[in-house]
Amino acid sequence: MGEQRIRVLIAKPGLDGHDRGAKVLARALRDAGMEVIYTGLRQTPEQIAATATQEDVHVVGLSCLSGAHLELFPRVVELLKEHGADDILVLGGGTIPAEDISVLKERGVAEVFTPGASTQEVVEFVKRSVNL
Amino acid sequence: MFDRDALLSLEQQKDAWERGPVAKTLEQFGERSEQFRTTSELPVERLYTPLELAEADYQRDQGLPGEYPFTRGIQPTMYRGRLWTMRQYAGFGNAEESNRRYKYLLEQGQTGLSVAFDLPTQIGYDSDHSLSRGEVGKVGVAIDSLADMELLFDGIPLDQVSTSMTINAPAAILLAMYAALARKQGVALDKLRGTIQNDILKEYVARGTYIFPPQPSMRLVSDTFAFCAEQLPNWNSISISGYHMREAGCNAVQEVAFTLANAIAYVQAALEAGLDVDTFAPRLSFFFDAHNDLLEEVSKFRAARKLWARIMKERFGAVKARSQMLRFHTQTAGSALTAQQPDNNVVRVTLQALAAVLGGTQSLHTNSREEALALPTEDSVRLALRTQQVIAHESGVGNTVDPLAGSYYVEALTREIEDRVTAYIEKIDELGGTARAIEQGYIQREIQESAYTHQKEVESCERVVVGLNKYRIAEEPPTNLLRLDPEVERREREKLEQLRGRRDNAHVTTTLEGVRKAAAGRENLVPRIQEAVEAYATLGEICDVLRGEFGVHQASVVF
């Protein structure tokens, strides 16, 4: 049988419509050999957690440029836990001030990528962190 | 434009120059690159001469400022008469806080207002809606009802300013609120100057604040065109925007092409709704991005003006000169800013702003240095405004009209962009127009392809971004970024509760029923919306009624 591939859900929680970064990253992860699902805009944390569980992904990448990350990202982490899916790696990206990054990490977001981060950094982080 | 014999002789001279000094220099030193390209991948030659313009015809291609095809500008005297409007996009938190920022900007010499709304307002939810959680007051000001608009413009007489409102799906509602406020201030509607963005088509491909499906959305657009033509003769009923598609990743050629294709769709919709082209076309306005590739951007603006004039005259038979003029606002490129070494962004913004001015913009927003990280502080916004003021008063570029005209390179590039945009518009026409092209995901794919290519070029260092992939330094994350008051959301919820307690709720219900009936039928919706707004119905309540009649847009995911 073929070897298992890393499965990633890229999601846009909240009302933010900036999806350039999310889509570029989705393509870069796919080009790096991963299976990628992109949710599209305006997903509630509930929808994201449900999709992540149903699709049995290894990683959820959350993108938010509206400033609502402190409200939305930890909520996804909590809901995954409630679904018994706390083995899923949760990553964040967007215009996120440095002082918020530590808050997000304390609340279960594994890593946060901010403007200027390369897609290769994300690819390498995912490969390092997911053990198939 | 040039004498045939002179061109022939120049051709021989250039040929000898290439075989002689150029070949020798290349042999010794080479060039920095095998091929040079603009940011939008247009090829750039070593040298431009009259040979590249051999087919050009001055009167046909450029003309005089204020005259068809308006390549050189829409007014005869341009900035010698009046400088462009300096209009910084601003708004955050609640109406009171944004009102303070507007007054500050006006005190600092800003000449027009530009309102940023928060996402719940843009998507038609009140501040107390569950989907608004975490988003209230974040990317703009939260406006739930006319009561908030009263606070937002407190102490600002509406006949003294021009106001641009970045609002799309619920544009008719915010326009109705502004008109209602004018009445309260005792200002006649024909004295109101400003713009609603009202450009729903680009929301489906780039900006994402759509609510309703395309068809009823286009009806709302046509309704506002008709309303403005009748009641607000000095108001721009739409700002057809390339900015957000460019920010989403497309290049300069695509930006102009997709914007004009959308513009064609709005004109067609209005004509189908029975409006006469010369009644609404004079109030169509545009909004473009200004990037770093200075001369490409200048050429882009010139080409866009020329193309639009031709489209309006030849395709739609517009007769009034004002119907053929492409008037536009420019914002410098947010996507070109870096979070690394943010002070470098001041230099980028200067170049971009210069491009907009050399390209003949009517108004301009300059971004602040830390906008890759957060909303700007007052100090940073002042610096961004000062950048415009230095260009206006110290650089001298506004003292003559269209100063780069006649540059062999700029004229050749203007024509190149024009040709490529024309090819794109033909392609979109073949697909059945922009609405069909969006439905098929064509526009989205074009934008994404360009965005991905750009990212790969940056990561491979093929494209240098100073401070990001070259000339990096170790730096601490910046401090003193603007922090929003976390209490805003709670206070807005309380304000709404109080409003719902003190207004005449029976009257609200009646006016909302009026909106519902108008939406189900064919009458112009704006007057009904106005009645609801004046009864202090909230934006969310009005949008809920419209959602009930129109349904909501289900985006297809293209990536």
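Just so you know, these numbers come straight off a predicted model, no measurement behind them.

S.K.: Tell me about the interface of chain A and chain B, residues and numbers included.
M.R.: On the side of chain B, 39 residues touch chain A, which itself brings 36 residues to the contact. Interface of chain A and chain B: buried area, both sides summed, is about 2900 Å²; carbon and sulfur atoms make up 56% of it. When the buried area of chain A at its contact with chain B is split by residue, Leu 15, Arg 20 and Arg 42 of chain A rank highest and sum to 26% of it. At the surface where chain A touches chain B, the tally comes to three salt bridges. For Glu 449 of chain B, the salt bridge is made with Arg 27 of chain A, and the minimal N-O distance between the two is 3.1 Å. Joining chain A to chain B, the criterion identifies 11 residue pairs in polar contact (both at pLDDT 80 or more). Contributing elements (two or more residues each) for the side of chain A that touches chain B: helix H1 (20-31), strand S2 (35-38), helix H3 (69-82), helix H4 (98-106) and helix H5 (119-129) of chain A. For the side of chain A that touches chain B, the element with the most residues is H1 of chain A, which contributes eight residues.

S.K.: An account of a nonpolar patch on the surface is needed here, citing residue identities and associated values.
M.R.: Residue and element names in this part refer to chain B. On the surface, a nonpolar cluster with roughly 290 Å² of combined accessible area is contributed by Val 464, Val 466 and Tyr 471. Within the fold, Tyr 471 resides in the loop between helix H18 (442-459) and helix H19 (488-502). Here Tyr 471 falls in the exposed class, since its relative accessible area comes to 54%.

S.K.: Please give an account of the layout of surface pockets that cites residues and values.
M.R.: Space inside the second largest pocket adds up to approximately 1100 Å³. Contributing to the lining of the second largest pocket are 45 residues, with Gly 40, Leu 41, Arg 42 and Gln 43 of chain A together with Tyr 210 of chain B lying nearest its centre. Of all the secondary structure elements, the ones that give two or more residues to the lining of the second largest pocket are helix H2 (45-54) and H3 of chain A together with helix H7 (201-207) and helix H17 (434-439) of chain B. Here the residues of the lining of the second largest pocket are counted per class, giving 21 nonpolar, 14 polar and 10 charged.

S.K.: Kindly report on the nonpolar core, identifying the contributing residues and their values.
M.R.: Formed by 163 residues in total, the largest nonpolar core has its most connected members in Met 149, Met 165, Leu 260, Trp 308 and Ile 542 of chain B. The greatest single-element share of this core, amounting to 13 residues, is contributed by helix H10 (residues 252-272) of chain B. Counting contributing residues, this core receives three or more from each of domain 1 (4-53) and domain 2 (62-396 + 406-459) of chain B. In this structure, Leu 260 of chain B is in contact with Phe 286, Ala 304, Leu 307, Trp 308, Ile 311, Leu 326, Val 421 and Ile 425 of chain B, ignoring residues within four places of it in sequence. Counting 24 residues, the second-largest nonpolar core is a separate cluster that includes Ile 48, Leu 62, Val 77 and Val 112 of chain A.

S.K.: Any details on unusual backbone geometry? Residues and values, ideally.
M.R.: Residues and elements named next belong to chain B. Between Tyr 68 and Pro 69 the backbone carries a cis peptide bond, its omega angle lying at 0°. Structurally, the position occupied by Pro 69 is in the loop between helix H2 (58-61) and strand S3 (85-86). Although it is not a glycine, Tyr 471 adopts a positive phi angle of roughly 55°.

S.K.: If you had to explain the environment of Gly 274 of chain B to someone new, which residues and values would you point to?
M.R.: All names here are of chain B. Take Gly 274: it is sitting in the loop between H10 and helix H11 (277-280). Overall, Gly 274 belongs to the exposed group, its relative accessible area being 60%. In the structure, Gly 274 is positioned 112 residues away from Ser 162 in sequence and 29 Å away in space, judged by C-alpha atoms.

S.K.: Give a detailed account of the packing of aromatic side chains, specifying residues and quantitative values.
M.R.: Residue and element names in this part refer to chain B. With the rule as written, the count across this model stands at 15 aromatic pairs over all chains. Aromatic side chains Tyr 48 and Tyr 409 sit 4.8 Å apart centroid to centroid with 40° between the ring planes, which places their arrangement in the tilted category. With Tyr 48 in the loop between strand S2 (43-44) and H2 and Tyr 409 in helix H16 (residues 408-430), this pair connects stretches of sequence that are 361 residues apart. Residue Tyr 48 shares its accessibility class with Tyr 409, and that shared class is buried. Between Phe 301 and Phe 328, the aromatic rings sit 4.9 Å apart at their centres with planes inclined by 15°, giving stacked as the arrangement. Pair noted here: Phe 301 is in helix H12 (residues 294-315) and Phe 328 is in strand S11 (residues 328-332), with a separation of 27 residues, a long-range link. In this structure, Phe 301 and Phe 328 share a single accessibility class: buried. A connected cluster of aromatic rings, assembled from ring pairs, spans Phe 286, Phe 288, Phe 301, Trp 308 and Phe 328. Positioned above the aromatic ring of Tyr 68, the side-chain terminus of Lys 313 is 4.2 Å from the ring centre.

The rules we used
- Residues numbered from 1 in each chain as written.
- Chains lettered and ligands numbered in written order.
- Predicted model: local features only at pLDDT ≥ 70, side-chain atom pairs only at ≥ 80, totals over all residues.
- Heavy atoms only, no water.
- Contact = heavy atoms within 4.5 Å.
- Buried area = accessible area lost by both parts, 1.4 Å probe.
- Salt bridge = Lys/Arg side-chain N within 4 Å of Asp/Glu carboxyl O.
- Polar contact = N/O pair within 3.5 Å; in protein donor to acceptor, adjacent residues only side chain to side chain.
- Helix = DSSP H or I, 4+ residues; strand = E, 2+ residues; numbered from the N terminus.
- Patch = residues over 30% accessible without salt bridge, like charges linked within 9 Å, V, L, I, M, F, W, Y side chains within 5 Å.
- Areas by Shrake-Rupley, 256 points an atom, 1.4 Å probe, with all protein chains shown as cover.
- Buried < 20%, exposed > 50% of the residue type's maximum accessible area, 1.4 Å probe, protein only.
- 1 Å grid on protein atoms, 1.4 Å probe; cavity = no way out; pocket = protein on both sides within 12 Å on 5 of 7 lines; lining within 4 Å.
- Points joined across faces, edges and corners; volume = space filled by probe spheres on them.
- Nonpolar A, V, L, I, M, F, W, Y, C, P; charged D, E, K, R; others polar.
- Core = buried A, V, L, I, M, F, W, Y, C linked by side-chain atoms within 4.5 Å.
- Domains from an automatic or database assignment.
- Phe/Tyr/Trp six-rings, centres within 6.5 Å; stacked < 30°, edge-to-face > 60°.
- Lys NZ or Arg CZ within 6 Å of the ring centre and 35° of its normal.

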